[in-house]
Each structure stands twice: as C-alpha cells, then as structure tokens.
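The residues making up each chain are set out below.
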Number of protein chains: 2
Amino acid sequence: MSHNTAEINRRLREAGYRVTPQRQLILDAVCELGKHVVPDAVYEVVRRKTPSLSRATVYRTLHFLTEQRILAMVQMADGRVAYEVAGPEPHHHLVCRTCDSFLELPHSVLRTFRQRMDSQYDFEIDVSHVSFFGHCTDCRDAAGA
Amino acid sequence: MSHNTAEINRRLREAGYRVTPQRQLILDAVCELGKHVVPDAVYEVVRRKTPSLSRATVYRTLHFLTEQRILAMVQMADGRVAYEVAGPEPHHHLVCRTCDSFLELPHSVLRTFRQRMDSQYDFEIDVSHVSFFGHCTDCRDAAGA
DNA sequence: ATGGATGCAAAAGTTTTGCAAAGAA
DNA sequence: TTCTTTGCAAAACTTTTGCATCCAT
C-alpha cells in the first residue's frame, strides 16, 4: 500500500467531502495496478469486489481524487489518459512505444531544462508530470537486429 | 500555404496513391488552421466548401497523410490528438495551459536532453514532436497580479 | 477499366450527465 | 436529519468500419 489511508481520509473529511467504500476501493485499485492506470482497468478490479459499482463512479472518483491531488493524471503513448498515486515529489516517465514499459525519471533531470526554458523563453513549464515517448533498449535491439 | 502542393502530389502518385480533391482540401485546412489542429476543426472547415465530405474521410485522410509524413500527430494538454503540417526538421512546443497559445522550440533544445537520456538511461526518446505544458509570461503575470 | 478512395450509416468505444435513491457525517 | 455520493440509464462525443458507389489514373 503506497498511500496513507488514515491521512487521506482525514484530508477529505476536513475539506467537507465524504469517505465512502467506493472511493477507498478505487484508490486501492489504482495503487495495486501501479502506474499508468486506465479507468477501465480500475473498473474491472473494483467490480470483482463490488459488482454494483458503476463506471460513472469510477470516472467521477478518478477526477475527484485528481482534484484533491491524491491521484495524478498522466498521458499514455496512444493519447489515452491514465492515473497514478501522486507522490510528494513530481517524477517523469520514459515510455516505450513498442512494449509500453516505462522508466521513472527523478524530477531533477527536468530541473535544468525547465530553468532554461524559463530564462530563455519566459515560459514556466508545468512539471507535475511529463511523459517522454520513445523506445527502450530491448525494443531498440529487437528492431535493429 | 506552407506546403508544396506539386511536390506532395508527385510523392503520393509515385507511391501508388491518388490525389483527390478531398485530400487536398483537408491538407489545405490543416495548413490554414495552423498548429495543433483537431479533426473536428478540419471537418468544420472543409464542410463549408464541400458539405458532402464526411467525417470518416477526415479521419481516414488525417491518418493517411500522417503515414505519408506529410502531417505530424501531436498531443494536446487534455490528451486529445491533433495534427499539423510536418516540417523538414522536428520542432517542439511550449503550450500555455491558460490561453492555449504556444511557442515553438527549435529541435536543438532537446538534443542535449535526449543524448543524456540515451547514455544515462539507455532510452531513445522519440523526438518527432514533444509538447511541454505550462504557462506563458502573460498568463503568469495575470495570475500573479 | 480498374482498384483505390469516398459517403453513408451504423457500430464501437469512451466519458459525461440527470435524477431518484442511498448512506456518511 | 442533511446533503454528498452513488447507481442506473441514457446521452454525448469521438473514432472506426462495412459496403456500395464513385472517380483518379
């Protein structure tokens, strides 16, 4: 479990929202599924435990938890939107277009780049999450061979 | 007109494809609409000249022209797919999340970054087009004021 | 004339919404 | 009890596909 349930529940209640079994199930599902989790995958997982839980609730809850900064929205290679548990520090991904695997980049690798854009172009890059797409070693080797 | 019609038509015919009024209209529309052009916007434009032109043809033609490297596919902030005329050299965008304006970055700014990813992470970033999202000076000032 | 391209309409897939009912605080 | 959240079903969108027809070559 990579999220602190008690702390999150406190935060939600403090902001006037309610802690429901559905919200907990959906958050657990995202957590369990890992990174780059699509709504449909969440739906499939939560449905096993609670068949009555609807798709609408999955979508509403993913939006809600993203607004609360408990989840983060990320983009996949094909343009689809996915989610993951938001860590305390932003991080970024190198996503392989061939095998869909990805490497995590520490925030620091973008820091220099961002500063350059800021001073050179007067543009502040939003670095909550950036995905770069390309090809990992394995797939490159496979293609080249 | 930022594309060479004669040259493109030649290329298509040489590859065994046909040059149709629809394809020309759609390419002109993308050209006229500029950067980050969504399918629906293309459809609205071409429809004015040729009301019978169907959405299916817009989608099929955008895919086709992308395959032929005459157009390039780009991603927008909300995850939607858009298109633009493909230049000879890749370029990148700084897209403002507030006002949707964007700045064009020369390919060179990513070259260093890319080399670092390659040597450090064994990952070859696909740099045909990268969009960074954030906030331009104007919108930053407006928000900060 | 020949086969690639188009139009139409229907399908498929994904996300949103209205509203009554349920249930967390 | 109160008011947020949910489930259901339908709607809204976006994109794809089958097939007969059309038309660029």
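Residues numbered from 1 in each chain as written. Chains lettered and ligands numbered in written order. Predicted model: local features only at pLDDT ≥ 70, side-chain atom pairs only at ≥ 80, totals over all residues. Heavy atoms only, no water.

## So, the relation of the copies chain B and chain A
Then, number 1: Overlay of chain B on chain A (RMSD 0.3 Å): rotation 179°, translation along the axis 0.1 Å. Taken together, the rotation angle and the small translation identify this as a two-fold axis. Residue Gly79(B), judged by its C-alpha, is the member of chain B lying nearest the rotation axis, at 2.4 Å.
Then, number 2: Most of the interface of chain B is mirrored in chain A: 100% of its interface residues are interface residues there too. (Least-squares fit on C-alpha atoms with pLDDT ≥ 70 in both. Contact = heavy atoms within 4.5 Å.)

## Re the domain arrangement of chain A
Interfaces are often sized by the accessible area lost when the parts come together.
Residue and element names in this part refer to chain A.
Then, number 1: The assigned domain composition of chain A is domain 1 (1-87) and domain 2 (89-145).
Then, number 2: Using C-alpha coordinates to define each centre, domain 1 is positioned 24 Å away from domain 2.
Then, number 3: Between domain 1 and domain 2 the total buried area reaches about 730 Å² when both faces are included, carbon and sulfur atoms providing 60% of it.
Then, number 4: Three residues stand out in domain 1 for area buried against domain 2, namely Lys35, His36 and Ala77, and they jointly supply 58% of the buried area on that side.
Then, number 5: Along the contact surface separating domain 1 from domain 2 lie one salt bridge.
Then, number 6: For the salt bridge of glutamate 104 with lysine 35, the shortest nitrogen-to-oxygen distance reads 3.8 Å. (Domains from an automatic or database assignment. Buried area = accessible area lost by both parts, 1.4 Å probe. Salt bridge = Lys/Arg side-chain N within 4 Å of Asp/Glu carboxyl O.)

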